Structures are given as C-alpha cells and as structure tokens.
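# Topology and contacts: notes
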Amino acid sequence: MEYSLQNYKQAIAEVEKEKEEKIKKIIREYALANNTVKIGDVVEGSSDVIIVEKIDFVRPYHYNELPTCAYFGARLKKDGTPRKDKSKGYTYQSNLKK
C-alpha cells in the first residue's frame with residue numbers, strides 16, 4: 001500500500017479509535033463487575049441521598065486509580081421522600097457511605 005500523508009493520518013486515527021473503544025469497554029466492565037448497587041436502590045453519598053435511576057461509570061483520572069460507578073437519580077429528603085423541586089443528581093461509588 002502506498003502511503004500518502006492523508007492515508008497515514010487516517011490509519012493512525014482508526015487504530016486510536018479502536019484502542020479507545022477497547023479501553024472504554026474494559027473500564028465499563030470492571031466498574032460494573034465491582035458494583036453492588038441496583039436500579040431502584042437508595043444510596044447515600046457525601047452530599048446527597050438518591051434513588052438510583054441510572055448507573056454509569058467513571059474513568060480514572062490517574063493511572064493508579066480504578067474505574068468506579070456513578071449513580072444518577074432523584075434526590076431525596078432526610079425522610080426518604082422525593083424533594084419538592086424534583087431535582088436529580090449524581091452520587092459516586094467512591095463516595096458512598098457504608
């Protein structure tokens with residue numbers, strides 16, 4: 001195959017895209033495999049109590065950190081009922097209170 005600058009850049013971009021997709025898949029699988037929370041659970045983080053509607057994952061910022069889950073849902077009052085403003089928020093697996 002004859003390489004032009006355009007062909008070279010395209011080939012590199014395709015390899016980088018494949019690599020990124022594979023890394024994202026591994027991160028997601030790891031985070032979900034180490035998750036104990038289910039949709040519908042009530043979880044308390046450092047600042048919010050929510051009822052989980054969606055589970056996502058968080059990529060580590062540093063090389064030595066591990067992927068974790070992020071939980072999204074309706075914020076609850078202290079008595080466990082939904083807030084009047086119907087606000088929603090995230091609570092992170094790393095911030096869950098035991």
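To start, this report covers the structure provided alongside it. (Residues numbered from 1 in each chain as written. Predicted model: local features only at pLDDT ≥ 70, side-chain atom pairs only at ≥ 80, totals over all residues. Heavy atoms only, no water.)

## Description of the sheet that holds strand 3 (residues 68-75)
Here is the rule: A pair of strands is labelled paired if DSSP reports no fewer than 2 bridges between them. Strands are runs of DSSP state E lasting at least 2 residues, helices are runs of H or I lasting at least 4, and numbering of each runs from the N terminus. Inter-axis angles, ranging from 0 to 180 degrees, are taken between N-to-C directions of lines fitted to C-alpha atoms, where helices are fitted over the stretch in contact. Residue contacts follow a heavy-atom distance rule, with two residues in contact if any of their heavy atoms lie within 4.5 Å.
The strand order 1-2-3-4 describes an open sheet built from four strands, whose pairing is antiparallel. The sheet is open, and its two edges are formed by strand 1 (42-44) and strand 4 (88-92), each paired on a single side. The average undirected angle you get between the axes of adjacent strands in this sheet is 45°. Relative to strand 4, strand 3 runs antiparallel, the two being bridged by five bridges. Bridge pairing in strand 4 links A70 to Y92. Contacting strand 2 (49-58) and strand 3, helix 1 (residues 5-33) runs over the sheet at an angle of about 145° to strand 2.

## Considering a nonpolar patch on the surface
To be explicit about the condition: Exposure above 30% relative accessible area and the absence of a salt bridge qualify a residue for a patch, where like charges join within 9 Å and nonpolar side chains (Val, Leu, Ile, Met, Phe, Trp, Tyr) within 5 Å. Where accessible areas are quoted, they stem from the Shrake-Rupley method and a 1.4 Å probe; at the residue level, only the protein chains shown are allowed to cover. Note on definitions: salt bridges are taken to be side-chain nitrogens of Lys or Arg within 4 Å of carboxyl oxygens of Asp or Glu.
Judged by side-chain polarity, Y3, L5, Y8 and I12 come together as a nonpolar surface patch covering roughly 450 Å² of accessible area. When you line up the elements, I12 lands in helix 1.

Honestly, that's just the spatial picture; any functional story needs more than this.
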